[in-house]
Amino acid sequence: MTDKITPFLGTWILDVEASDYEQGEPPKSATMKIEDEFGMVRFAMSQVTAEGETVDDEFSGMPDGPETKLGKSGLVDAMRLVFNGDRSLVSEARRGGLTLMKAERELSEDGRTLTVTQTVHLVDVASFTNVSVYRKAQ
């Protein structure tokens, strides 16, 4: 697993101009840090919203491992993290076995760009996709 995750590790900075949001306003800025913590992968995100508010979030999972049960967040109850080939890492937030949110992280050939395609499925309403393009920090 370590060899597959290594290219994804590091700090990534959002390229707001290259990103495309169907749902919500794009943030003014954002960073995503991906770290290997003893076989678990930790994602720590921080963004400054269009209104200037700082929002931080994080989650961990074991790629290609078992589904991780989450606390009582209300919206989702489990997280799954899987590799889809060598350059794609997908997380799925699930509730009752149904995927409500999916984020596919596609690494560019040169390893310098990470494109995150996040789809949110609103039951009985619609699905929305936001594409966030991140550049690897130096």
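Chemist: What should I look at first to understand the overall build of the protein in this one?
Modeler: Check the secondary structure of the protein and you find one helix and 11 strands. When the helices and strands of the protein are listed from N to C terminus, the series reads α-β-β-β-β-β-β-β-β-β-β-β. Its C-alpha atoms give the protein a radius of gyration of 15 Å, within 12% of the compact-globule value 14 Å for 138 residues. Oriented by its inertia axes, the alpha-carbon framework of the protein measures out at about 40 × 40 × 25 Å. By residue count, 31% of the 138 residues in the protein fall in the buried class. Nonlocal contacts in the protein, meaning residues at least 24 apart in sequence, comprise 33% of its contacts between residues at least 6 apart.

Chemist: Teacher, can you tell me more about unusual backbone geometry here?
Modeler: Both trends apply: most residues other than glycine have a negative phi, and most peptide bonds are in trans. One non-glycine residue, Phe38, adopts positive backbone phi at about 55°. You can see Phe38 is positioned in the loop between β3 (29-37) and β4 (40-48). Its relative accessible area of 87% is what places Phe38 among the exposed residues. Positive phi, close to 60°, is recorded for Asp64, a residue that is not glycine. Inspection of the secondary structure assignment puts Asp64 in the loop between β5 (54-61) and β6 (68-69).

Chemist: Before we go on, may I ask you to explain the packing of aromatic side chains in this structure?
Modeler: The geometry of an aromatic ring pair is captured by the separation of the ring centres together with the interplanar angle, meaning the angle of the planes. Going through the model one piece at a time under the given rule, you end up with two aromatic pairs. Taking the centre distance of 4.7 Å and the plane angle of 15° together, the rings of Phe43 and Phe59 count as stacked. With Phe43 in strand β4 and Phe59 in strand β5, the pair connects residues that are 16 residues apart, well separated along the chain. Taken as a pair, Phe43 and Phe59 share a single burial class, namely buried. Here the basic side chain of Arg105 rests over the ring of Phe43, its NZ or CZ set 4.4 Å away from the ring centre.

Chemist: How should I be thinking about the pairing of β5 in this particular structure?
Modeler: As paired strands, β4 and β5 are joined by eight bridges and run antiparallel to one another. Within β5, the residue paired with Ala44 across the bridge is Glu58. In this structure, the hairpin formed by β4 and β5 is closed by a connection of five residues, where Gly52 is found at a positive phi of approximately 90°.

Chemist: Can you help me understand the environment of Lys28 in this one?
Modeler: Within the secondary structure layout, Lys28 lies in the loop between β2 (20-21) and β3. Look at Lys28 and you get exposed, because its relative accessible area is 55%. Sequence-wise, Lys28 and Val133 are 105 residues apart; in three dimensions their C-alpha atoms are separated by 13 Å.

What counts, and where the lines are drawn
- Residues numbered from 1 in each chain as written.
- Predicted model: local features only at pLDDT ≥ 70, side-chain atom pairs only at ≥ 80, totals over all residues.
- Heavy atoms only, no water.
- Helix = DSSP H or I, 4+ residues; strand = E, 2+ residues; numbered from the N terminus.
- Rg over C-alpha atoms; globule rule 2.2 N^0.38 Å.
- Buried < 20%, exposed > 50% of the residue type's maximum accessible area, 1.4 Å probe, protein only.
- Contact = heavy atoms within 4.5 Å.
- Phe/Tyr/Trp six-rings, centres within 6.5 Å; stacked < 30°, edge-to-face > 60°.
- Lys NZ or Arg CZ within 6 Å of the ring centre and 35° of its normal.
- Pairing = 2+ DSSP bridges.

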